[in-house]
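The residues making up each chain are set out below.
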Amino acid sequence: MNRRDFIDKSSLLFPSMLVSPKIIGDLDVKKIKTGNKRISSPYVISTWNVPEANLIAGESLDKNMNAIDAAIRGVAYEEANIKNTTVGNGGSPDRDGNVTLDACVMDENGNCGSVLAVENIVHVAALAKDVMEKTPHVILAGKGARKFALDQGYKPENLLSPESKIDWLDWLEKGNYNPKINVENHDTIGMLCRDKAGNLSGACTTSGLAYKMQGRVGDSPIIGSGLFIDNEVGGAVATGLGEEVIKTVGSFLIVELMRNGLNPQEACEKAINRIISKHKGKPNFQVAYIATNKNGEIGAYSIHNDFSYTFYKNQTNQNIKSKSVF
Ligand code: GLY
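Calculation rules
Residues numbered from 1 in each chain as written. Predicted model: local features only at pLDDT ≥ 70, side-chain atom pairs only at ≥ 80, totals over all residues. Heavy atoms only, no water. Axes fitted to C-alpha atoms, helices over the stretch in contact; angles between N-to-C directions. Helix = DSSP H or I, 4+ residues; strand = E, 2+ residues; numbered from the N terminus. Parallel < 35°, antiparallel > 145°, perpendicular 65-115°, else oblique. Contact = heavy atoms within 4.5 Å. Nonpolar A, V, L, I, M, F, W, Y, C, P; charged D, E, K, R; others polar. Buried < 20%, exposed > 50% of the residue type's maximum accessible area, 1.4 Å probe, protein only. Polar contact = N/O pair within 3.5 Å; in protein donor to acceptor, adjacent residues only side chain to side chain. Core = buried A, V, L, I, M, F, W, Y, C linked by side-chain atoms within 4.5 Å. Salt bridge = Lys/Arg side-chain N within 4 Å of Asp/Glu carboxyl O.

K.L.:
Which residues make up the packing of helix α4 (residues 124–134) against helix α5 (residues 142–151), and what values go with them?
P.N.:
Helix-helix packing is characterised by the crossing angle of the two axes and by the distance between the axes. Across the interface, α4 lies against α5 with an axial gap of 11 Å and an inter-helix angle of 85 degrees. Taken together, α4 and α5 sit at an angle that is classed as roughly perpendicular. Side by side, α4 and α5 meet where L127, D130, V131 and K134 of the first sit next to A145, F148 and A149 of the second. Classifying every residue of the contact of α4 with α5 gives 5 nonpolar, no polar and 2 charged.

Pasting the structure below:
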């Protein structure tokens, strides 16, 4: 998969028609009521180069959608994109050939929902929101999450694409399990949105590490690790080797650092350096964070230099290379 092509400001050429009506129709979206509140400029920041997903979310915010629904609608594009082997349909399977998806969402009121190791369901970020809104729980895992999805009317699908199956069979022959996250094997779409009411929300969705052990779950659906939002302060989302993000509760750490006065860039750098400090020398894995605060400032930082993020504001959608340690 080569997703390296940077987009420029003409990326508004990506029409929102790229999202199938099915994806839009599946989401129960609510528009924000700004009332007498000052209208803020909405914006979207996403991990990696995901122009279509970012634009869909940005245009939705411009049309008054609330932040949580815009984020779910944005990431739904990549969940349905069979060419993206790290998220949703077409995601790389575990060692036994099962595609298992993880996702979480968090809104401006501190509500959150999460699903772990779900099979056969494409739109797991939307499912995480259903867990948040329609159950008394925060997390549903495995068969229970799948059953809940089917009860909610999600259609079961075979998520193992022919291409991912060929790659998996090839991997089985080599049997070389050496988890490595880079731009060709990136792993998570994390998206942070601020809507016109100035509210922050986010979504994080992944198929996790390619050829992971059955049942392995990374940071992405873990509130505080893969994603954290505090509407009074800001939000952060992670991508990369989930085990390392979990050990430092990375996204929560970044929000707390911002609460203590750091700007998003400083907070992302400090969180990455916390991981680096636990390792001798140059780590052979990637972790990256993006963050934003209530002032509308954004930040991004990664261990290695192959990370970029996508930023939409004022009808401009651009891919920006992140600063990195190495
Ligand atoms: N960051 C995604 C994972 O490690 O599963």
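K.L.:
I'd love a proper account of the environment of K129, names of residues and values included.
P.N.:
Inspection of the secondary structure assignment puts K129 in helix α4. Residue classification places K129 among the buried residues on the basis of a relative accessible area of 7%. Separated by 24 residues in sequence, K129 and V105 have C-alpha atoms that sit 6.2 Å apart. Separated by 2.8 Å, the side chains of K129 and D69 make a polar contact.

K.L.:
So what about the nonpolar core? Which residues, and what values?
P.N.:
By size, the foremost hydrophobic cluster in this structure holds 43 residues, and its most contacted members are V105, V115, L127, M191 and C193. Counting only elements with at least two residues in this core, the list comes to α2 (51–62), α3 (67–80), β2 (101–106), β3 (112–118), α4, α5 and β5 (188–194). Beyond its immediate sequence surroundings of up to four residues, L127 is in contact with V115, V118, I121, A145, F148, A149 and Y154. Counting 42 residues, the second largest nonpolar core, distinct from the first, contains C204, A236, A267 and A288.

K.L.:
Got a sec to walk through the pattern of salt bridges? Specific residues and values, please.
P.N.:
For the coordinates displayed, the defined rule picks out 9 salt bridges. The residue K174 makes a salt bridge to D170 at a minimum N-O spacing of 2.9 Å. Taken together, the residues span about one helical turn, with K174 and D170 both in helix α6 (residues 162–174) at a distance of 4 residues. Note on D170: relative accessible area 38%, which makes it partly exposed. D230 serves as the salt-bridge partner of R259, at 2.8 Å between the closest nitrogen and oxygen.

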